[in-house]
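Here are the chains, one letter per residue:
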Amino acid sequence: MAGRINDDDVKAVRDAVPIDAVVSEYLQLRNAGGGNLKGLCPFHDEKSPSFQVSPSKGLFHCFGCQEGGDTIAFVMKIDHLSFSETVERLAAKAGITLRYEEGGYNPSHQRGERIRLIEAHQAAAEFYVRALESPEAEIGRTFLAERGFDQDAAAHFRVGYSPAGWDHLTRYLRGKGFSDKELITSGLSQDGRRGPIDRFRGRLMWPISDTAGDIVGFGARKLRDDDNGPKYLNTPETPIYKKSQVLYGIDLAKKDIAKASRAVVVEGYTDVMACHLAGVTTAIATCGTAFGNDHIKILRRLLMDNGSARVIFTFDGDSAGQKAALRAFEDDQKFAAETYIAIAPDGMDPCDLRLVKGDDAVRDLVEPRTPLFEFALRQIVGRYDLETPAGRAAALDEAAAVVAKIKTSSVQREVAVQLAGLVGILDQEFVVRRVAQLAHWARNKGGDQGDRGGRGGSQGRGPRGGTPQQSTPAPAFSGPALNLRSPAHRTERELLKLALQRPALVSPAFDAYGVDEFTAPPYAAVRRCIEEAGGAEQGIADDRAYLGAVLDAAPDNTVRSLVTELAVEVFIGKTIDETYAGVQLVHVRLRAVDRRIADVQSSLTRLGSNVAPHELAAAQSEVWVLQQYAQNLRVHGAAAL
């Protein structure tokens, strides 16, 4: 049985896979200054980016939720993998063969569950693609051709075919070394009377990938009349597939979504294909479920919620499509982006539109036309007879409750004014007051919690490195709370940032500083980690290995989080050089000297006449030496260290 992964191989994996490349598979990153990148944190909801990545250090840290670490820690957290699973996955990406302490190379049976399930899906996708070329799959090729998709289109989207037999795929995957348990767990097979059988049979197959590009499930379209199953059959919920957390086409669209700050949400697999082939490469679709909160989180991380971001929903013009639009509007306020709806003439979906009117018609369809809120309100108001006072009152009651959910007061007022026009009420202020009243009642009923419990804006310094406005509690440490209004704490923080980010500027002087020279208990804990890692001087030759050693020395996740925070946070000063470093070194040392002088003098005062003559002389001598040292520090600065 293989043991733990060789430490040198783990280090090689860390060095070989750039953290910004890995993180960019899940969210959009932008320049944050100081060589760092920023984005919306994937681990908690936030409206402004507090998640930072330092490519040079190979670290990430969120100043909101305090999650932090290296590339391995990021993948472990976001994909819920074990340490060994993560290293194996990143090693495969980097082309590194792993060794284990007891010898031997990476055996497939030792791989984690997620990796095995993804490998099974990859093998299944390849099997389905080959099966699409078989004589039996003629019906599938005809289906695609009738919808305007040729062989190249099918290959681009990796569309395949599941043979109609009972266990073609199951037998194929068994031959690849997958166990029956793995096949059942993956959702590719299901229990039959005599053992596992294929879940998908005689259908056209679309692979569904996660944001990182790993195939986690399939969507299967019925082709034959004698198939008694649903028109579309998706992979069931599995350890790697949650339909509310995946978007079909996101692996193909994510870069263009981030680049254009625009996403087009369509309803089906063929609609995504049609849009992409027509040049709308930001199209994605849900997988057999309504567009919901988890889908919004995925898009928000890619869109970055900047002012120009747009999300365009394309729904069928039928009643089901209208209901889908109204559901989308209920979640509209979770976007900072502007949301629109696009409905094709005659209610055609993008696939039919492309087939009938060509690519230009598809591109024209998704140009923003009607704001989603306007469409939703028109749908509500349209159900009432606005020619009568009772009809107008009923329409106002239902629509006003929807408008009241808009959180931004200025936007809420603007939409309320438009609602007055839609209903035909001349007194716009009456409608505005009505909406505001409903919003007030809703807040009181819900306790008006706002954002008090979620964001970590009061958790310490912000991502831009400015001084925070509140104290930061440090529950894992004994002693006084960390307060960055304190000049001492600010200086200690800057010195530790220098020791972690720019060790050459503070070495070797920093390594002579004692843990007790840091008055904030959290900072003392970080200083101890640096000491156990061999000192800041270790970072001059290999800063990544040095930071890894500091993180390894952390006694718990709280200290580890603080290390990553300090390792990516920008400095307060504009020019970070030897002079700046010297100022921080001197201030921390000078305060420590002044504290020692005060302690000795206080001790002498308490003892009074009870102190022995030789002890008094020694104490007075120590005070004199310390006072001279302090004077030299004040006059000569870092040269006196």
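Bear in mind the structure is a predicted one, so any value in this text is a computation, not a measurement. (Residues numbered from 1 in each chain as written. Predicted model: local features only at pLDDT ≥ 70, side-chain atom pairs only at ≥ 80, totals over all residues. Heavy atoms only, no water.)

Quick notes on the overall build of the protein chain
Of the regular secondary structure elements, the protein chain holds 27 helices and 16 strands. Across the 641 residues that make up the protein chain, the buried fraction comes to 50%. Long-range contacts, defined as pairs at least 24 residues apart, comprise 67% of the intrachain contacts of the protein chain with a sequence gap of at least 6. When the accessible surface of the protein chain is summed, it comes to about 29500 Å², and 49% of that surface belongs to carbon and sulfur atoms. (Helix = DSSP H or I, 4+ residues; strand = E, 2+ residues; numbered from the N terminus. Buried < 20%, exposed > 50% of the residue type's maximum accessible area, 1.4 Å probe, protein only. Contact = heavy atoms within 4.5 Å. Areas by Shrake-Rupley, 256 points an atom, 1.4 Å probe, with all protein chains shown as cover.)

So, the side chain of S162
Along the chain, S162 falls in strand β6 (residues 160–162). Of the residues examined, S162 reaches a relative accessible area of 0% and is grouped as buried.

Some remarks on helix α24 (residues 543–553)
Along α24, the residues that are buried comprise Y546, L547, V550, L551 and A553. End-on view of α24: buried residues confined to an arc of 160°, all on one side of the axis. (Arc of directions from axis to C-beta.)

Re empty space enclosed by the protein
Summed over the entire model, instances satisfying the criterion amount to 1 cavity of 30 Å³ or more. Taken as a whole, the largest cavity spans an internal volume of roughly 50 Å³. In terms of lining, the largest cavity is formed by 12 residues, of which the most central are T314, F315, M348, D349 and P350. Tallied by class, the residues present in the lining of the largest cavity amount to 7 nonpolar, 1 polar and 4 charged. (1 Å grid on protein atoms, 1.4 Å probe; cavity = no way out; pocket = protein on both sides within 12 Å on 5 of 7 lines; lining within 4 Å. Points joined across faces, edges and corners; volume = space filled by probe spheres on them. Nonpolar A, V, L, I, M, F, W, Y, C, P; charged D, E, K, R; others polar.)

Topic: the pairing of strand β3 (residues 51–54)
Side-chain positions along a regular strand alternate between the two faces of the sheet. Burial along β3 is two-sided: F51 and V53 and Q52 and S54, pointing in opposite directions, are all buried. When strand β2 (residues 36–39) meets β3, the two strands line up antiparallel, connected through 3 bridges. In the strand pairing of β3, L37 is matched with V53. The turn linking β3 back onto strand β4 (residues 59–62) is made up of 4 residues, and G58 within it adopts a positive phi angle of 70°. (Pairing = 2+ DSSP bridges.)

Brief notes about the state of the cysteines
By definition, a disulfide links the sulfur atoms of two cysteine residues through a covalent bond. Per the counting criterion, the structure on display carries 0 disulfides. Here C351 is not disulfide-linked; the sulfur of C275 is the nearest cysteine sulfur, at 9.4 Å. (Disulfide = S-S within 2.5 Å.)

Points about the sheet that holds β4
Across the sheet, 5 strands lie side by side as β1-β2-β3-β4-β5; this open sheet has antiparallel pairing. The open sheet has two edge strands with one neighbour each: β1 (30–33) and β5 (68–70). Strand-to-strand twist in this sheet, taken as the mean axis angle between neighbours without regard to direction, amounts to 25°. Sheet topology places β4 next to β5; 3 bridges connect them, and they run antiparallel. Note that in β5 the partner of H61 across the bridge is G68. (Axes fitted to C-alpha atoms, helices over the stretch in contact; angles between N-to-C directions.)

Some points on the packing of aromatic side chains
Under the criterion given, the structure shown has 16 aromatic pairs. Measuring from ring centre to ring centre gives 4.9 Å for Y248 and Y269, while their planes differ by 85°; the resulting arrangement is edge-to-face. Residue Y248 is found in the loop between β11 (232–234) and α10 (250–260), and its partner Y269 is found in helix α11 (residues 269–277); the two are separated by 21 residues along the sequence. Neither Y248 nor Y269 differs from the other in exposure class; each is buried. Three or more aromatic residues joined by ring pairs form one cluster here, namely Y26, F43, F51, F60 and F74. Between K77 and the ring centre of F43, over which it is positioned, the NZ or CZ distance is 5.7 Å. Positioned over the ring face of Y513 is R589, at 4.1 Å from the centre of the ring. (Phe/Tyr/Trp six-rings, centres within 6.5 Å; stacked < 30°, edge-to-face > 60°. Lys NZ or Arg CZ within 6 Å of the ring centre and 35° of its normal.)

Read these as geometric descriptors, not functional statements.
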